[in-house]
Amino acid sequence: MDAIVRGRCYTDGRPVQQCIGISDGKIAAVSGSLDGDIVYDFGSKLVIPGAVDIHVHMREPGATQKEDFASGSLAALHGGVTCLLDMPNTNPPTTTSKTLREKKELAASRSYADFGLFAGVQAGSDIEALSREGAVGVKLYMAGTTGDLAATSPESLKEELAAVAKTGKVLAVHAEDESLRGRGSESSLADHLKNRRNECETSAIRRLLELSAEGLRVHICHVSARESIPLIANARNVTSEVTPHHLLLDKDAMLGSFGKVNPPLRRREDRQALFAALKETRFDAIASDHAPHTTEEKEEDFDFAPSGMPGVETTLPLMIQLVRERHLTLEDVVRRTSRRPAEMFGLNKGRIAVGYDADLVIIDPATSREIRADDLHYRCAWTPYEGRLGVFPKAVFLRGEIMIEDGSLIGERSGRDVV
Ligand code: DOR
Ligand code: ZN
Ligand code: ZN
C-alpha cells in the first residue's frame, strides 16, 4: 500500500471509522485497520468521495480574463471537486475534432483536477467524429448563450438527437425555448425572469422529450422551474441536475446583475419545490454551472451584463453546510455530488470502494466558515454567496496524492482527461 487514509469514511451510504488503502492512485482496500508507507490519520473527520462537477465553464480558450483551466481547476480542488466536466461554449466553440483536440491538450497541460470535455452541437457539427475524438458528452443549447455557440434550430433538432443517440454519449441540454423568450428591456432580476418565464423551460423540456430518439440518454441541465419537476420525474432515460443558485437564491436576492443567470433565478416557490424534490431523491446531480464573468462585465447596465455566476468552489461547502443545518442528509449530497454524476458518465470515480480512483475529500462537519470572495481561488473575484456559511475541505486527495491541506496547495499538478 502506498498510503493509508484514516477517518470516518463514507462507504455504503454511511460514515464508518475505517482505513482506505491506496495503491497506484486507486483504492486498493477499505478495512478497519491497514498498514502503509504513509499514514494520513484524520481521526473522526469525515472522508467522502471527491465531487464530480458535471457542469463548469472554464472559459479557455478565448476568455481567460474570466477563467482558465489552471485557475478554475485549482478553485475546484479547494472546494472538494476533483473532477470537472467543461462546457463547449468557449471561443472557438468546441464543435469540431480540431477544437476538441486542442482544448484537450490545453487542459491536460494546465488542469489541477481531472477533467472531461463536452462537445457542442451546432449546425453541421460531426457528432460521430467528436465522440470518437473523446468528448465526455455532447451539449445542446436550445437558446442563445454566452460565446459564439448558437442555439440549434427547431428544424434540425430531431436529426441532432438521433445523431447523438448513435454515439451512446449523454446529451446534456440547456432547455430554454428561444421562441417563448421575452425581449423587453431589463433592469432587475424580476425583469430577467419575465423574459424567461417558467414556460420557457417546460416548453423546451416537452419538445425535447417528444423528439428524443430511441436509446438517447438525455440530461437536463440546471432544472429551475417547479413545473419541470414532474415532467422529468416521469420520463425514461432522462437524468437531471440542479444548481446551488437555483436552490438557494431567487429573484428577490439583492444581487442586481450579479444574479443574472440563465435559466434565471425564479420565485421562492420554485426554489422550495426544487429543494423538496431534492429531498425526495429527484435530481441525479448537483452541479455548479460555474459561469464566471468579471466584475467589470457584471457592473455593466443590467441589460448588457452577461449571464452566469461562479460556483465551482462553493458548491460542496454550501451543500455540506445544509447537511450541518439538517436541511439535507449527507446521502442527499454525496449521491448527487459524486456517486451518480460519475455513474452517469461512466467514470471510475465517485465512490469509496476498491478499484475506484482515490479522490477523497476530508471534512470536519463541525467547522464552517463565512464565504468571502477574497478567500476563493477562481479568477473573477466575486461570489453571490458572500457572507454565507460553508464547510470547506480540510484536505483533498486526487488519485491518492494529497493536493490541498488546510487551504493550501501542497501537491503537484496532475489533472488528466477522464475519457
Ligand atoms: O447564465 C448562463 N451562463 N447560462 C448559460 O447558458 C451559459 C453561461 C455562460 O457560459 O456564461
Ligand atoms: Zn445552461
Ligand atoms: Zn452552463
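Since the model is a prediction, treat every value here as computed from it, not as a measurement.

Thresholds, definitions, all that
Residues numbered from 1 in each chain as written. Chains lettered and ligands numbered in written order. Predicted model: local features only at pLDDT ≥ 70, side-chain atom pairs only at ≥ 80, totals over all residues. Heavy atoms only, no water. Helix = DSSP H or I, 4+ residues; strand = E, 2+ residues; numbered from the N terminus. Buried < 20%, exposed > 50% of the residue type's maximum accessible area, 1.4 Å probe, protein only. Contact = heavy atoms within 4.5 Å. Expected span 1.5 Å × (residues − 1). Arc of directions from axis to C-beta. Core = buried A, V, L, I, M, F, W, Y, C linked by side-chain atoms within 4.5 Å. Donors = N, O, S within 2.8 Å, 3.2 Å for Na, K, Ca; no water. Phe/Tyr/Trp six-rings, centres within 6.5 Å; stacked < 30°, edge-to-face > 60°. Salt bridge = Lys/Arg side-chain N within 4 Å of Asp/Glu carboxyl O.

A. Broad picture of the environment of M142. Mapping M142 onto the fold places it in the loop between strand 8 (137-141) and helix 4 (157-167). Taking relative accessible area as the criterion, M142 reaches 4% and is therefore assigned buried. Measuring from C-alpha to C-alpha, the distance between M142 and A162 comes to 16 Å, with 20 residues separating the pair along the chain. Setting aside residues up to four positions removed in sequence, M142 forms contacts with A151, L157, V173, H174, A175, E176, E178, A204, R207 and L208.

B. Expanded view of helix 9 (residues 268-279). A rise of 1.5 Å per residue sets the reference length of helix 9, with its twelve residues, at 16 Å; its end C-alpha atoms lie 17 Å apart and thus fit the reference within 8%. Taken as a whole, helix 9 has its buried residues at D270, L274, F275, A277 and L278. Seen from one end, helix 9 has its buried residues packed into an arc of 160°, which puts them on one side. Of the residues trailing helix 9, T281 is marked for its positive phi of about 70°.

C. Up close: the nonpolar core. In this structure, L171, I220 and M319 are the most contacted members of the largest nonpolar core, which totals 87 residues. Residues L85, F118, V136 and A285 belong to the second largest nonpolar core, which totals 18 residues.

D. Looking closely at the coordination of the zinc ion (ligand 2). Coordination of the zinc ion (ligand 2) by the protein comes from H174 (ND1) and H222 (NE2), over a distance range of 2.0 to 2.1 Å. For the pair the zinc ion (ligand 2) and the zinc ion (ligand 3), the metal-to-metal distance amounts to 3.6 Å. Taken as a pair, H174 in strand 9 (residues 170-174) and H222 in the loop between strand 10 (217-220) and helix 7 (228-233) lie far apart in primary sequence, 48 residues in all. Taking relative accessible area as the criterion, H222 reaches 2% and is therefore assigned buried.

E. Main features of the coordination of the zinc ion (ligand 3). In the first shell of the zinc ion (ligand 3), the protein supplies H55 (NE2), H57 (NE2) and D289 (OD), at 2.0 to 2.1 Å from the metal. One chain supplies every donor to the zinc ion (ligand 3), and in sequence these donors are spaced H-x1-H-x231-D. Judged by relative accessible area, which is 5%, D289 ranks as buried.

F. Region of the structure containing the packing of aromatic side chains. A complete count under the given rule lists five aromatic pairs for this structure. Taking the centre distance of 4.9 Å and the plane angle of 80° together, the rings of Y40 and F397 count as edge-to-face. Of this pair, Y40 sits in strand 4 (residues 38-49) while F397 sits in strand 16 (residues 395-398); the two residues are 357 residues apart in sequence, bridging distant segments of the chain. Take Y40 and F397: they sit in the same class, and that class is buried. Here the aromatic rings of F258 and W382 are separated by 4.9 Å at their centres, their planes lie at 80°, and the arrangement is edge-to-face. Placement of the pair is F258 in the loop between helix 8 (244-248) and helix 9 and W382 in the loop between strand 14 (369-370) and strand 15 (389-390), with a sequence separation of 124 residues. Pair check on accessibility: F258 and W382 agree, each one buried. Pairwise contacts between aromatic rings join Y40, F42 and F397 into one cluster.

G. Representation of the pattern of salt bridges. In this structure the tally under the stated criterion is 30 salt bridges. R379 is paired through a salt bridge with D68; the nearest N and O atoms lie 3.0 Å apart. Note that R379 is positioned in the loop between strand 14 and strand 15 and D68 in the loop between strand 5 (51-56) and helix 1 (69-78), a separation of 311 residues in sequence. Residue classification places R379 among the partly exposed positions, given a relative accessible area of 38%. Close ionic contact of K98 with E102 constitutes a salt bridge, the shortest N to O distance being 3.1 Å. Here E102 and K98 lie together in helix 2 (residues 97-110), a separation of four residues that amounts to about one turn. On the accessibility criterion, K98 (51% relative accessible area) is exposed. The class of E102 is partly exposed, set by a relative accessible area of 41%. When salt bridges with common partners are traced through the structure, they connect K26, D114, K349, D357, D359 and R399 into a single cluster.

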